[in-house]
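Each chain is listed here by its residues.
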Amino acid sequence: MAKQRRTGLPSREQILEYIESSDQPAGKREIAKAFGLSGNDKIALKHLLRDMGDEGLIDSAPGRAFHKMGGVPKVTVLRVVDVDDSGTAWAVPERWESDAPEPRIRIQEKGRGALGVGDRVLARTEEQGNGLIAHPMKKLLKGSELVLGVVHKEGDAFWLRPVEKKERRELPISDRGKAEIGDLVLAEKVGRPPRLTARVDTVLGDPFAPRSFSLIAIHKHGIPHEFPPQIVEEAELVAKLDLGAREDLTHIPIVAIDPADARDHDDAVWAAPDDDPANQGGWKAIVAIADVSFYVRPGSALDKEARKRGNSVYFPDRVVPMLPETLSAHVCSLVEGEDRAALVCHLIVAPDGNLKSWRFTRARVRIAANIAYEDAQAAIDAAKGEGERIDVASSPCAMPEIEGAANAVSPEILQETLKPLWACWKALYAARAKRAPLDLDLPERRVVLDEKGRILSVAPRERLDAHKLIEDYMIAANVAAAKALEAKKGPVMYRDHEPPSREKLVALKDYLKTFEVEFALGQVVRPQTFNHIIERVGEADFKPQIMEQILRTQTQAYYSPENHGHFGLALGSYAHFTSPIRRYADLVVHRSLVRSFGLGDGALTSTEADAMEITGELISQLERRAMEAERDTIDRYVAAYLSERVGELVDCRITGVQPFGFFATVEGLGGDGLVPVSTLGAGYFRYDEKTHALVGDDTGTTFTSGQRLKLRLAEANPVSGGLRFELEGSASGAGGHRRIVRRDGRQVPGGKQAHPRGKRGRPSNIRHKGRK
């Protein structure tokens, strides 16, 4: 880079730009030279670089070169973690102190000798396409790579069965330490393919014990689940802060409506008819949110730990909170009868449901009641049964009878708060319907455990009008927060959701064509475009498949200081404001509101504002990590629940067809399992790429997406979350290939593993259409 003569110090942005664009390691000397600094300016640069390091903008690499925080140094030590079937080695930085997940880097080897798992190299890195490649400079002393798995025994040998479904190879154990058969362990990979072995490093215990399934996900995804003592001490200290001067809203009967098993309570709501003649028939509403920014100040140890975690992670058996329990479950949580600090969004809602105005204040609130969704719904339904019209006619919801649920809400709360809330929501719902956001009815799975952590049931989570009501109030407050900050020209951490790419729309068109559903390209695509497709499908068997494919067509939402709108919600400006106990993005928005409206301590700093893009990228990555961990854990619970039914016939639906077989899910429960093409019978099956179907040459038997059928559950592995199915009349269904994974890692007598240690050849009974 040519020398850049300037007067005075470069800005933080200029330094970051130089470090990223430099084709060599950029130390203090190189930066000073590039910007033409000398004398006192060099001393000032030293202090500026140190400040940027403290602010999390840059980090130093070996040799005192700098790189962008969350990035990889130009020259660094890498550790090989995988060698794929083509012999390509993949590595991660050995030193990785960023909060972001570590990147995987492809090693570009040029006659230096094959690298194996655990090898360490000094390498020069560079960006290539959407990823990174590394050019080894020197091979260093060997390190190690850990894998999570379960110990089992075959004959006289001990093996490690990895919990990762994508990991096809079981590893022979060269040193099991104190591990027993059936233990969940962290083991070190040693050697290189095909002579990889495992050396047990840490014994984690029984993988089938209560709370173990979430523990597997925590270790697999590297989720920090314990707070350092100094963080807990700081939380206990700030918890004693006096609430200070605030707007007093303790006289208003605000209520928090949450799941019955909620671990924390971020939000509470209230509504009443607006007494302003200019808004006759309209409403005034309050969305009160826990004032986390009052307790977690920028730059504090608590703040750094929260940013490192990014969000809370929710499992059926535990929550891994973003904040210590002193704050998340107590001082910040909006609980009945306790005075709490809140950041309040005051809304004025027009009769048609549109927002007329909003304002934000710091307030003292006293929650009148914590109500479960089911109880709120039951109370409203009971009132409707008495002839009152307070429902949303366009959104009927049948509520099952819950003994005592209607009586769980006091008459005063029903009359003073719930009825007005539902009436105001009727207007908000009408505005939402007119906006026509994406409407995909894909229910979540809910795992119910007993007090000992054992599985009672797994079923789709019921969606009530009470859920929709809270969702619409939260959306209204989120929109108000974004627009309020825009009006003040304050920094906004937007929740962006961009429209689908053309490539994904083309793929959707091809997919829909297999179901004879037309989809025209070239039109302006809106959320309603996809809603119309679902309406045309009606109640066809393949409707769930269509909705899932539409969901896969969407882009992934992310956080950014740049506004790209929220396609799915059909909104031009959207930010997350309503869950600061469990999402760092919301905490950033709170701080910006405090700063923009002059609401006191805990405001967003200039340093934070400058780092918004970096923070957005980080918390987006951490959100994806949490989602994967939660999904993996649910899959394990479903597999554990179904393990009692191995060998039985279950109602299934085909979710996808591939040349090697088809995937199916258990109706009402979820969980995906494979039916290998090798188990479909003795005849040949052709894979029709056009219709995504497997068709028998001799019989004409066809397996296609959306098809409902009974399958025999052949295998359910709670440790990996994997399922395997067989056809009802298959020979293996009589006992030839059934496998039940037990606590000790053994199979049932006479069982046979379909693919021992991952050696999967191409099935002999399949032809691609058009191939011989």
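Residues numbered from 1 in each chain as written. Predicted model: local features only at pLDDT ≥ 70, side-chain atom pairs only at ≥ 80, totals over all residues. Heavy atoms only, no water.

Visitor: So what exactly am I meant to see when it comes to the overall build of the chain here?
Guide: Summing up its helical and strand segments, the chain has 17 helices and 35 strands in all. Looking at the 772 residues of the chain, the share that counts as buried comes to 52%. Long-range contacts, defined as pairs at least 24 residues apart, comprise 67% of the intrachain contacts of the chain with a sequence gap of at least 6. Accessible area of the chain: about 35800 Å², with a carbon and sulfur share of 48%. (Helix = DSSP H or I, 4+ residues; strand = E, 2+ residues; numbered from the N terminus. Buried < 20%, exposed > 50% of the residue type's maximum accessible area, 1.4 Å probe, protein only. Contact = heavy atoms within 4.5 Å. Areas by Shrake-Rupley, 256 points an atom, 1.4 Å probe, with all protein chains shown as cover.)

Visitor: Teacher, can you tell me more about helix H17 (residues 612-642) here?
Guide: Within an α-helix, residues lying three or four positions from one another point in the same direction, as the helix has 3.6 residues per turn. Its 31 residues place the ends of H17 45 Å apart at the C-alpha level, agreeing with the 45 Å of an ideal helix rising 1.5 Å per residue. By the criterion of burial, H17 is predominantly enclosed, with 22 of the 31 residues buried. (Expected span 1.5 Å × (residues − 1).)

Visitor: Would you take a moment to explain the environment of Glu126 for this structure?
Guide: Looking at where Glu126 falls in the secondary structure, it is placed in strand E6 (residues 120-128). Of the residues examined, Glu126 reaches a relative accessible area of 31% and is grouped as partly exposed. Between the alpha carbons of Glu126 and Pro73 there is a distance of 9.1 Å; along the sequence they are 53 residues apart. Look past the residues within four positions of Glu126 in its chain and what remains in contact with it is Gly131, Leu132, Ile133 and His135. At 2.7 Å, the side chain of Glu126 and the side chain of His135 are in polar contact. (Polar contact = N/O pair within 3.5 Å; in protein donor to acceptor, adjacent residues only side chain to side chain.)

Visitor: I keep staring at the pattern of salt bridges and nothing clicks. Help me out?
Guide: Close approach of charged atoms allows side chains with opposite charge to pair. Under the criterion given, the structure shown has 33 salt bridges. Across the pair Asp339 and Arg364 runs a salt bridge whose closest N-O atoms are separated by 3.6 Å. In this pair, Asp339 is assigned in strand E19 (residues 339-349) and Arg364 in strand E20 (residues 355-366), connecting sequence segments 25 residues apart. Look at Asp339 and you get partly exposed, because its relative accessible area is 27%. Taking relative accessible area as the criterion, Arg364 reaches 25% and is therefore assigned partly exposed. With its nearest N and O atoms 2.7 Å apart, the salt bridge here joins Asp651 to Lys710. Linking Asp651 in strand E26 (residues 649-658) with Lys710 in strand E32 (residues 708-717), this pair joins segments that are 59 residues apart in sequence. Of the residues examined, Asp651 reaches a relative accessible area of 44% and is grouped as partly exposed. (Salt bridge = Lys/Arg side-chain N within 4 Å of Asp/Glu carboxyl O.)

Visitor: What's the story with a positive patch on the surface in this structure? I'm lost.
Guide: On the surface, a cluster of positive charge is contributed by Lys28, Arg29, Lys42, Lys46 and Arg50. Of all the secondary structure elements, the ones that give two or more residues to the positive patch are helix H2 (28-34) and helix H3 (40-54). If you tally residues by element for the positive patch, the top one is H3, at three residues. As for its position among the elements, Lys28 is in helix H2. Note on Lys28: relative accessible area 36%, which makes it partly exposed. (Patch = residues over 30% accessible without salt bridge, like charges linked within 9 Å, V, L, I, M, F, W, Y side chains within 5 Å. Lys, Arg positive; Asp, Glu negative; His and termini not counted. Charge placed at Lys NZ, Arg CZ, Asp CG, Glu CD.)

Visitor: Just checking my understanding: could you explain helix H5 (residues 229-238) for this structure?
Guide: Of all the positions in H5, only Ile231, Ala235 and Val238 are classed as buried. Along H5, the residues classed as buried sweep out an arc of 75 degrees about the axis, all on the same side. Residues Pro229, Glu233 and Leu237 are exposed on H5 and point more than 90 degrees away from its buried face. Among the structural elements, helix H6 (292-295), helix H7 (301-309) and helix H8 (325-331) are those in contact with the buried residues of H5. (Arc of directions from axis to C-beta.)

Visitor: Whenever I open this one, the packing of aromatic side chains confuses me. Can you help?
Guide: Given two aromatic rings, one states the distance between the centres and the angle between the planes to describe the pair. According to the stated counting rule, one finds twelve aromatic pairs in the structure shown. Their ring planes at 70 degrees and their centres at 5.4 Å tell us that Trp425 and Tyr429 sit as a pair that is edge-to-face. Of this pair, Trp425 and Tyr429 both sit in helix H10 (residues 411-435), four residues apart, roughly one helical turn. Accessibility assignment for this pair places Trp425 and Tyr429 in one class, buried. Following the ring pairs from residue to residue traces out a cluster consisting of Phe360, Phe577 and Phe597. Here the basic side chain of Arg246 rests over the ring of Phe294, its NZ or CZ set 4.8 Å away from the ring centre. One Lys or Arg, Arg297, reaches over the ring of Phe294 and ends 5.3 Å from the middle of that ring. (Phe/Tyr/Trp six-rings, centres within 6.5 Å; stacked < 30°, edge-to-face > 60°. Lys NZ or Arg CZ within 6 Å of the ring centre and 35° of its normal.)

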